[in-house]
Amino acid sequence: MHAESPSIPPSLFAFSIFYGGMVCIAGVLGNKQVALGPLAVEAGIFAFLLLVVVSSAVAELHGSTVANRLVRIGFVPLIVSILLSVVVLAVPAAPDMDPARADAFALMMSGTPRIWAGGIVAYGISQTLNVTIFSALKGREGGRLLWLRAGVASVLSQIVDTLLFVSIAFYGVFPIGQLLLGQMLAKVVLSALLVPPLIYLFVALGRRLDRGPDRA
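Computed from a prediction, not measured in an experiment: that's the story for all the values here. (Residues numbered from 1 in each chain as written. Predicted model: local features only at pLDDT ≥ 70, side-chain atom pairs only at ≥ 80, totals over all residues. Heavy atoms only, no water.)

Visitor: Help me understand the environment of Val 155 in this model?
Guide: Here Val 155 shows up in helix 7 (residues 146-170). Judged by relative accessible area, Val 155 falls into the buried class, the value being 19%. When neighbours within four sequence positions are excluded, Val 155 is seen to be in contact with Val 188, Ser 191 and Ala 192. (Helix = DSSP H or I, 4+ residues; strand = E, 2+ residues; numbered from the N terminus. Buried < 20%, exposed > 50% of the residue type's maximum accessible area, 1.4 Å probe, protein only. Contact = heavy atoms within 4.5 Å.)

Encoded structure:
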């Protein structure tokens, strides 16, 4: 008789797939800066905020150990997507490919080793910090104030993410003071506005998935 394999909770399965997708797309979206009123922010922040929300939701539903494991597994799609980008950029474009499209692709997908290293380091440290702060606040507050715990953890992890990425990627290339200040302000505002409602949505969705259709 074969022992049954341990089942993965439906919410963890679904959130893990979603998390991996957001890890990969964040860097691509970051190639565009968007204007939100007076704030200018790279568009990858929207995917990163979803990463923060998902890791916090997993910590709420399944504990900090599982959430930190999810963050560590997230290095796999992140690093593989970078390596695939390097390989694809190195392979010559087909002769009949529109040169303008080839140039645009190279411009969008290329990056310096410092930018790639900054993204990897900032991702790992800031996401781990988010789970750690969220879980520590949960230990103090119990299951209460979900919106506040998620918001505080997101704001602090976003500040660290910006400090690490901008410093590693651009320090010494050009003055980074204004860039740091602007990015931090934009990310803090977006975290405070978007994370609290999103965390309730994801936790509720996760609980519904885990109840199953017969008990929903």
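Next comes the rest of the description.
Visitor: How should the packing of aromatic side chains be read in this particular structure?
Guide: Pairs of aromatic rings are described using the distance from one ring centre to the other and the angle between the two planes. The tally for this structure, following the rule as stated, stands at four aromatic pairs. Residues Phe 75 and Tyr 123 carry aromatic rings whose centres are separated by 5.2 Å and whose planes lie at 85 degrees to one another, so their mutual orientation is edge-to-face. Placement of the pair is Phe 75 in helix 4 (residues 75-90) and Tyr 123 in helix 6 (residues 113-141), with a sequence separation of 48 residues. (Phe/Tyr/Trp six-rings, centres within 6.5 Å; stacked < 30°, edge-to-face > 60°.)

Visitor: Just checking my understanding: could you explain the packing of helix 1 (residues 10-29) against helix 8 (residues 177-211) for this structure?
Guide: Between two packed helices, both the angle of their axes relative to each other and the distance between the axes serve to describe the pair. At a minimum axis separation of 7 Å, helix 1 and helix 8 run at an interaxial angle of 130 degrees. If you check the angle between helix 1 and helix 8, you find them oblique. Judged by residue contacts, Pro 10, Ser 11, Ala 14, Phe 15 and Phe 18 of helix 1 engage Phe 202, Leu 205, Gly 206, Leu 209 and Asp 210 from helix 8. (Axes fitted to C-alpha atoms, helices over the stretch in contact; angles between N-to-C directions. Parallel < 35°, antiparallel > 145°, perpendicular 65-115°, else oblique.)

Visitor: How should the side chain of Ser 126 be read in this particular structure?
Guide: Considering the arrangement of structural elements, one finds Ser 126 in helix 6. In terms of polar contacts, Ser 126 uses its side chain to reach the backbone carbonyl oxygen of Tyr 123, at 3.5 Å. In this structure Ser 126 touches Phe 48, Ser 157 and Asp 161, once residues within four positions along its chain are discounted. (Polar contact = N/O pair within 3.5 Å; in protein donor to acceptor, adjacent residues only side chain to side chain.)

Visitor: Looking at this model, I keep getting lost on the pattern of salt bridges. Mind explaining?
Guide: A pair can form between side chains of opposite charge whenever their charged atoms are brought close. Per the stated rule, a full pass over the model turns up four salt bridges. A salt bridge links Lys 187 to Glu 42; its shortest N-O distance comes to 3.7 Å. Taken as a pair, Lys 187 in helix 8 and Glu 42 in strand 2 (residues 39-42) lie far apart in primary sequence, 145 residues in all. For Lys 187, a relative accessible area of 5% puts it in the buried group. (Salt bridge = Lys/Arg side-chain N within 4 Å of Asp/Glu carboxyl O.)

Visitor: Help me out: how do you make sense of the pairing of strand 2 in this one?
Guide: The side chains of a regular strand alternate, first on one face of the sheet and then on the other. Sheet topology places strand 1 (residues 33-36) next to strand 2; four bridges connect them, and they run antiparallel. Of the residues in strand 2, the one forming a bridge with Ala 35 is Ala 40. Counting the residues that bridge the hairpin from strand 1 to strand 2 gives two residues, and of these Gly 37 lies at a positive phi of roughly 65 degrees. (Pairing = 2+ DSSP bridges.)

Visitor: Explanation requested: the packing of helix 4 against helix 5 (residues 99-109) in the structure shown.
Guide: Where helix 4 contacts helix 5, the axes come no closer than 11 Å and their chain directions differ by 150 degrees. Considering the angle they form, helix 4 stands roughly antiparallel to helix 5. Here the hand of the crossing between helix 4 and helix 5 comes out left-handed. Taking contact as the criterion, the partners of Ser 85, Val 88 and Leu 89 in helix 4 are, on helix 5, Phe 105, Ala 106 and Met 109. Across the contact of helix 4 with helix 5, the residue classes break down as five nonpolar, one polar and no charged. (Left-handed = near helix turned anticlockwise from the far one by under 90°. Nonpolar A, V, L, I, M, F, W, Y, C, P; charged D, E, K, R; others polar.)

Visitor: Got a minute to help me understand the nonpolar core in this structure?
Guide: Looking at soluble globular proteins, one finds that nonpolar side chains tend to be buried together. With 37 residues, the main nonpolar core has Tyr 19, Leu 51, Val 54, Val 58, Tyr 123 and Ile 199 as its most contacted residues. Mapped onto this core, the elements with two or more residues apiece are helix 1, strand 2, helix 2 (44-62), helix 3 (64-73), helix 4, helix 6, helix 7 and helix 8. Counting residues per element, this core draws most heavily on helix 2, which supplies eleven residues. Once residues lying within four places of it in the same chain are set aside, the contact partners of Tyr 19 are Leu 51, Val 54, Ser 55, Leu 70, Val 71, Gly 74, Tyr 123 and Gln 127. Judged by nonpolar contacts, the second largest core, of six residues, contains Val 166, Ala 169, Ile 176 and Leu 180. (Core = buried A, V, L, I, M, F, W, Y, C linked by side-chain atoms within 4.5 Å.)

Visitor: Looking at this structure, how should I read a nonpolar patch on the surface?
Guide: A grouping of Leu 36, Phe 46, Leu 185, Val 189, Leu 193 and Leu 194 is seen on the molecular surface, where their side chains present a nonpolar patch of about 480 Å² in accessible area. Ranked by residues supplied to the nonpolar patch, first place goes to helix 8 with four residues. Looking at the element boundaries, Leu 185 is found in helix 8. (Patch = residues over 30% accessible without salt bridge, like charges linked within 9 Å, V, L, I, M, F, W, Y side chains within 5 Å. Areas by Shrake-Rupley, 256 points an atom, 1.4 Å probe, with all protein chains shown as cover.)

Visitor: Any chance you could explain the layout of surface pockets here in plain terms?
Guide: The probe, sized like a water molecule, is rolled over the atoms to show the empty space still left. Computed from the structure, the largest pocket encloses a volume of approximately 1000 Å³. For the largest pocket, the lining is made up of 37 residues, of which Ala 26, Gly 27, Gly 30, Ile 115 and Phe 165 are closest to its centre. Residue assignment for the lining of the largest pocket shows that the elements contributing at least two residues are helix 1, helix 2, helix 4, helix 5, helix 6, helix 7 and helix 8. Per-element tally for the lining of the largest pocket: the top contributor is helix 6, with seven residues. Across the lining of the largest pocket, the residue classes tally to 20 nonpolar, 13 polar and four charged. (1 Å grid on protein atoms, 1.4 Å probe; cavity = no way out; pocket = protein on both sides within 12 Å on 5 of 7 lines; lining within 4 Å. Points joined across faces, edges and corners; volume = space filled by probe spheres on them.)

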